[in-house]
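# Residue-level structure breakdown
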Amino acid sequence: MSSPLQVVLNPQNFSEDRENPGGGGLRADFFNGDDASFVAHKKVILDQLGAAITELVKQTPTFGPVGFVKVILRRKAWAKSHRPLKALFADRKTPLVGGLDIGQLLVEATPEALTRVAAEVAAAEDVVAYKEDEETGKLKPNPTARRSETGAIERVELYGIADRRRFDLDQAVVWLSNPRTGGQYEVELFETPPATSNLDAAGTRRVLFQSFMQGLQLLGQGMSASLVQRRDVNESPMLTVRLEQSALPPRVQLTPEPDSRVREVALFDPSRDRHSRLLGFLERHPLVRRIELPGVITRSASQPRVRPGTFTMPDRGTGKSWPKVGVIDGGISDKALAPWIIGRWDLLADEDIDEVHGTFIGGILVAGSALNGPGVSADQDGTELFDIAVFPASDSAFATYHGDIAGFLNEVENAVVEARTRHGVRVFNFSLNVQNAVVPDHYSKVASRLDQIADKHDVLIFISAGNLQTFRPEWPAKADMALQMMAASQNDGILVPAESARNVSVGALNPHGMGSIVANAPAQYSRRGPGLRALVKPDFAHIGGAGSSAAGAGHGLYSVAPDGSCADGCGTSYAAPFLARQTALLDWQIEGDVSRETLTALLAHHARIPEPLSDASLNLIGRQLCGHGMPIGANDILAGDDHQITLVFATRLHRDKQMRFNFAWPSCLVDEEGKCRGAARLTLVASPPLDQRFGAEFVRINVEAALQQEQISKKGKVSWKGQLKPLYLPPSDADHPYEAERVEHGMKWSPIKVLGTSMPQGRGQSTNWRLMVSYLSRSDNQEMPKDGVPFTALLTISDIKKEEQVFTVMRQQLSANVQLADIRTAARVVSRV
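Residues numbered from 1 in each chain as written. Predicted model: local features only at pLDDT ≥ 70, side-chain atom pairs only at ≥ 80, totals over all residues. Heavy atoms only, no water.

## Some points on the overall build of the chain
Let me state the cut-off plainly: Here a helix means four or more residues in a row that DSSP labels H or I, a strand means two or more in a row labelled E, and each is numbered from the N terminus. In this treatment the radius of gyration is a C-alpha quantity, and the globule benchmark scales as 2.2 Å times the residue count to the 0.38 power. To sort residues, take the accessible area from a 1.4 Å probe on protein chains only and compare it with the maximum for the residue type: under 20% means buried, over 50% means exposed, and anything in between is partly exposed. Whether two residues are in contact is decided by their heavy atoms, any of which lying within 4.5 Å being enough. Every accessible area reported is derived by Shrake-Rupley at a probe size of 1.4 Å, with residue values counting cover from the shown protein chains alone. Charge counting treats Lys and Arg as positive and Asp and Glu as negative, with His and both chain ends excluded. For this purpose, a charge sits on NZ of Lys, CZ of Arg, CG of Asp or CD of Glu.
Of the regular secondary structure elements, the chain holds 19 helices and 37 strands. The C-alpha radius of gyration of the chain comes to 28 Å, within 12% of the 28 Å expected for a compact globule of 833 residues. When each of the 833 residues of the chain is scored for burial, the buried share is 59%. Sequence separation of at least 24 residues holds for 81% of the intrachain contacts in the chain that already meet a minimum separation of 6. In the structure as shown, the chain presents an accessible area of about 33000 Å², 49% of it carried by carbon and sulfur atoms. Averaging the coordinates of the 91 positive side-chain charges in the chain and doing the same for the 97 negative ones gives two points 4 Å apart.

## A short note on the sheet that holds strand β9 (residues 184–189)
Spelled out, the test is: Only strands joined by at least two bridges in the DSSP assignment are considered to pair. Axis definition: a line fit to C-alpha positions, over the contact stretch in the case of helices; interaxial angles, taken between N-to-C directions, run 0 to 180 degrees.
With respect to topology, five strands assemble into an open sheet ordered β12-β10-β11-β9-β13, the strand pairing being mixed. The sheet is open, and its two borders are formed by β12 (251–253) and β13 (288–292), each paired with just one other strand. The sheet shows a mean angle of 20 degrees between the axes of neighbouring strands, taken without regard to direction. Of the pairings in the sheet, the one linking strand β10 (residues 223–228) to strand β11 (residues 238–243) comprises six bridges and is antiparallel in character. When the bridges of β11 are listed, Ser-224 appears paired with Arg-242.

## Details of the pattern of salt bridges
Note the following rule: Salt-bridge detection follows one rule: a side-chain nitrogen of Lys or Arg within 4 Å of a carboxyl oxygen of Asp or Glu.
In total, this model carries 54 salt bridges according to the counting rule given. Glu-413 is the partner of Lys-456 in a salt bridge, and the nearest nitrogen-oxygen pair spans 3.7 Å. Pair noted here: Lys-456 is in helix α12 (residues 445–457) and Glu-413 is in helix α11 (residues 405–423), with a separation of 43 residues, a long-range link. Take Lys-456: its relative accessible area is 62%, and that puts it in the exposed class. Measuring nitrogen to oxygen at the nearest pair gives 3.2 Å for the salt bridge that ties Arg-596 to Asp-458. Of this pair, Arg-596 sits in helix α15 (residues 596–605) while Asp-458 sits in the loop between α12 and β21 (460–464), and the two are 138 residues apart along the sequence.

## Remarks on the nonpolar core
Definition in use: Put simply, buried Ala, Val, Leu, Ile, Met, Phe, Trp, Tyr and Cys residues joined by side-chain atoms within 4.5 Å make one nonpolar core.
Ranked by internal contacts, the top residues of the largest apolar core, which has 82 residues, are Phe-462, Trp-475, Leu-557, Leu-586, Leu-602 and Ile-823. When residues no more than four places from it in sequence are discounted, the contact partners of Leu-557 are Phe-360, Ile-364, Asn-372, Val-376, Ile-543, Gly-544, Gly-545, Ala-567, Asp-568, Gly-569, Tyr-574 and Phe-578. With 71 residues, the next largest nonpolar core counts Leu-56, Ala-77, Ala-118 and Tyr-443 among its residues.

## Remarks on the packing of aromatic side chains
Filter applied, for reference: Pairing of aromatic rings covers Phe, Tyr and Trp, the last counted by its six-membered ring, and requires centre-to-centre distances within 6.5 Å; plane angles under 30 degrees mean stacked, over 60 mean edge-to-face, and any other angle means tilted.
Inspection of every chain in the model, using the stated rule, returns 17 aromatic pairs. An angle of 10 degrees between the planes, with centres 3.8 Å apart, marks the rings of Phe-68 and Phe-190 as stacked. Placement of the pair is Phe-68 in strand β3 (residues 67–73) and Phe-190 in the loop between β9 and α6 (206–217), with a sequence separation of 122 residues. On the basis of an interplanar angle of 70 degrees and a centroid distance of 6.4 Å, the ring pair of Phe-391 and Phe-398 is categorised as edge-to-face. Here the two residues Phe-391 and Phe-398 agree in accessibility, since each one is buried.

## Notes on α12
Note the following rule: The span one expects for a helix is its residue count, reduced by one, times 1.5 Å.
Spanning 13 residues, α12 covers 18 Å between terminal C-alpha atoms, matching the ideal 18 Å at 1.5 Å per step. Burial analysis of α12 places 11 of its 13 residues in the buried class, which makes it a mostly covered element. Along α12, the residues classified as buried are Lys-445, Val-446, Ala-447, Ser-448, Arg-449, Leu-450, Asp-451, Gln-452, Ile-453, Ala-454 and His-457. Taken from the residues just after α12, Asp-458 is the one with a positive phi, measuring 55 degrees.

## A word on the packing of helix α1 (residues 35–63) against α6
In plain terms, the rule: Any angle that is under 35 degrees is reported as roughly parallel, and any over 145 degrees as roughly antiparallel; angles of 65 to 115 degrees are reported as roughly perpendicular and all others as oblique. Charged residues are taken to be Asp, Glu, Lys and Arg, nonpolar residues to be Ala, Val, Leu, Ile, Met, Phe, Trp, Tyr, Cys and Pro, and polar residues to be all remaining types, Gly included.
Running from amino to carboxyl end, α1 crosses α6 at an angle of 60 degrees, the nearest separation of the two axes being 9 Å. Here α6 runs oblique to α1, going by the angle between their axes. Facing α1, whose interface residues are Thr-60, Thr-62 and Phe-63, α6 presents Val-207, Leu-208 and Ser-211. Classifying every residue of the contact of α1 with α6 by side-chain character gives three nonpolar, three polar and no charged.

## Remarks on the pairing of strand β30 (residues 676–686)
By the criterion of burial, β30 is predominantly enclosed, with 10 of the 11 residues buried. As judged from the nine bridges shared by β30 and strand β34 (residues 752–763), these two strands associate in the antiparallel manner. Looking at β34, one finds that Leu-682 is bridged to Leu-755. Summarising the sheet, β30 and strand β36 (residues 789–798) pair through eight bridges and their orientation is antiparallel. Bridged to Val-685 within β36 is Thr-792.

## Description of the sheet that holds strand β35 (residues 768–777)
With antiparallel pairing, five strands are arranged side by side in an open sheet as β2-β29-β35-β31-β32. If you trace the sheet from one side to the other, it starts and ends with β2 (15–17) and β32 (718–722), each paired once. Neighbour to neighbour, the strand axes of the sheet diverge by 40 degrees on average, direction disregarded. With five bridges connecting them, strand β31 (residues 701–712) and β32 associate as antiparallel partners. In the strand pairing of β32, Gln-708 is matched with Gly-722.

## Quick look at the packing of α11 against α12
Pairs of packed helices are described in terms of their axes, by the angle between the two and the distance that separates them. Going by this rule: For any pair of crossing helices, the crossing counts as left-handed if the nearer helix is rotated counterclockwise from the farther one by less than a right angle, and right-handed if it is rotated clockwise.
Where α11 contacts α12, the axes come no closer than 11 Å and their chain directions differ by 20 degrees. If you check the angle between α11 and α12, you find them roughly parallel. The element α11 and its partner α12 pack so that their crossing is right-handed. Along the contact surface, α11 presents Ile-405, Ala-406, Leu-409, Asn-410, Glu-413, Val-416, Val-417 and Arg-420, while α12 presents Val-446, Arg-449, Leu-450, Ile-453, Lys-456 and His-457. Here the residues of the contact of α11 with α12 sort into eight nonpolar, two polar and four charged.

## Here we look at the environment of Gln-253
Along the chain, Gln-253 turns up in strand β12. C-alpha of Gln-253 to C-alpha of Met-213: the two residues are 40 residues apart in sequence and 9.8 Å apart in space. Residues contacting Gln-253, with those up to four places away along its chain left out, are Ala-225, Ser-226, Leu-227 and Leu-239.

## Observations concerning the pairing of β34
As defined by bridge partners, strand β33 (residues 725–726) adjoins β34 across two bridges and the pair is classed as antiparallel. Bridged to Pro-726 within β34 is Leu-755.

## Some remarks on the state of the cysteines
Which entries qualify depends on this criterion: Sulfur atoms of two cysteines make up a disulfide when they are within 2.5 Å.
Following the criterion strictly, the structure yields zero disulfides and no others. Cys-570 provides the cysteine sulfur closest to Cys-566, a residue in no disulfide bond, and the two sulfurs are 17 Å apart. This cysteine, Cys-676, is not joined by any disulfide, and Cys-668 carries the nearest cysteine sulfur, 11 Å off.

## Concerning the environment of Ala-650
Relative to the helices and strands, Ala-650 is located in strand β28 (residues 644–653). What makes Ala-650 buried here is its relative accessible area of 4%. For the pair Ala-650 and Pro-11, spaced 639 residues apart in sequence, the C-alpha separation works out to 7.4 Å.

## With respect to the environment of Ala-113
Among the structural elements, Ala-113 can be located in helix α2 (residues 111–122). Between the C-alpha atom of Ala-113 and that of Ala-575, which follows or precedes it by 462 residues, the distance is 53 Å.

The following block contains the structure:
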């Protein structure tokens, strides 16, 4: 019997004022009463502040007094309540302007402001006071804010040359010679210089801005600097700077140019001396935050190989609706897939189209199950395609059509709008990557732009995790051998933009029937996450073909070539469309508008780590390669079974509010002693504010969920205890007392969280439970969006033995005060699913 997912239709009834809205944590003495060690530490911090002050004074005649300082926290001080932003680096004098890695803050400062900070550090007491703990009666350190914040700091240093550039000069000249790069540096700034007419109002920043603009002009003829239009206030302003073979005067454009314009440019100047002068100026100027080489977009797949025979595509029929997916690539062949193509974004001329990659993806979307069998996909075939042909075949053509990556993404957005508004396409496949690995402390502009497109147009983009250029060996059958192999694997991180926070990235698994190649194991070419800390990336994995080929089977993953013949291939490019079409199928099967949070939550909640990664020692490796795992089929996701119930909460968290859902554990899973048995799984997907300026801490609001059981002490005191732990993490009994462990092991700050537990022997003495969803902001200055933060929580309670009628019992228990409806039809009576 089908027991479908149940949407809670009245989640607003469970909204209440948030408990502890200001965050938690008393002042901590990070030296735990060791006064001598604190005094030594204080001297070190004062010396570091003194060195920073000296450097700022030294730069003042040239660049002005304003600079930027890194405040690096010790691991135990990562929590919001420990950050030195009140007594020491107060916003009124040293405003927080961004971040790097977790616990690395960037503040704006002047010599005067840092002198004030040094005075506060010097005033921190050398001998800490003690107070009696109210619960234990024991004495514990009771530091002032000055001492606590000083102890929280590991070191302070001026933001400098090594922070701004991570490539060498010769590498830059060679890289920029590729036409796909546009031949230009990407220069992130801490702040946008004002118009010349407004420099007089810039106060202490006037010299900072003036020296920057004048310095660019002094680089001489053939230098072009243009400000890139910011799509979001929460991202660093960026200039593109290009050296050209031109006698024209230097051009410094500090107002964004129109999106649609691709400026005709002179030839790139590879002069090493000119590049050395440019980089020398940029890396020393305090206004510059980061100098980057632009990425080059590539396809993440091998060239498919044509196989004997042809394949007859499914009949689309007439008057029937189908799921829809947009394919962002180089074109889809009419000969192979014309009946399924519902629209095109016709940008490329015929000679610039390469249909091989896009057609292989299109074939998977339309007939992936029939082509590959149920071992690869059990979802129904048939997907309408919107062909977004924007990726030209050659480097020179890319430069002609787009100029650079920013121009390419402008074109992608225009095409997404067309597909969304004319054809109702919400799901897109983006099996393209930038040839830059994701770094732990930087949320890339490309990922940020794709996230903005997803938010603005309410779409979901599936992104390949990226392929290795040099493959690892094939996955071994034994877990210890796999650990050794992965320990030896270097430079294998996911590629930009797979760190996207609003969209979904996909890794690749091996297919069945490949002889000694381990089925469902990570493919030898699939890159690993997480890239940015605190995220689970890639999000999922699917069959993408084996890196090695087998006689008669090729790479073991099949689709079609542009001429309609059969083909085989491998790549994360070909894993992504399986997840894209599954999501489109879910969206199609559920009536009305389904939120992106719900679609993603349905996948994560029903994903499972593949069997070759099931050994506990491989938990961390499994998360890095497969994320939450491989989802089950779409029909199984929506159907459920009698021995479990899944509740769906799709709503928003508003300022100073939380959701509290009280319920009784299913009576059929409660033993005579009152212990609750069974299993529980909780998935939370939220869309919190993102801020590219804060690096690894770019997620600015953490939405948390907990399933808690009532605890009653012998004295009758009631408390609540969380009963779930994050899944697919290294086994541990620790509760992770420090923020660092919560981030790394508890997935705190990740927009997607999956938790679970199994209670075969029963747990606790109370049948009273509650689901709590609340939030915590990164800083006191972080505003909750006026429309709140949208989230979806899925809670499944099941009978491990599959004997009890949990669905029926639980639904009856909830009927008094909870309105429920089948997820497939809930949109008839509720505005958000």
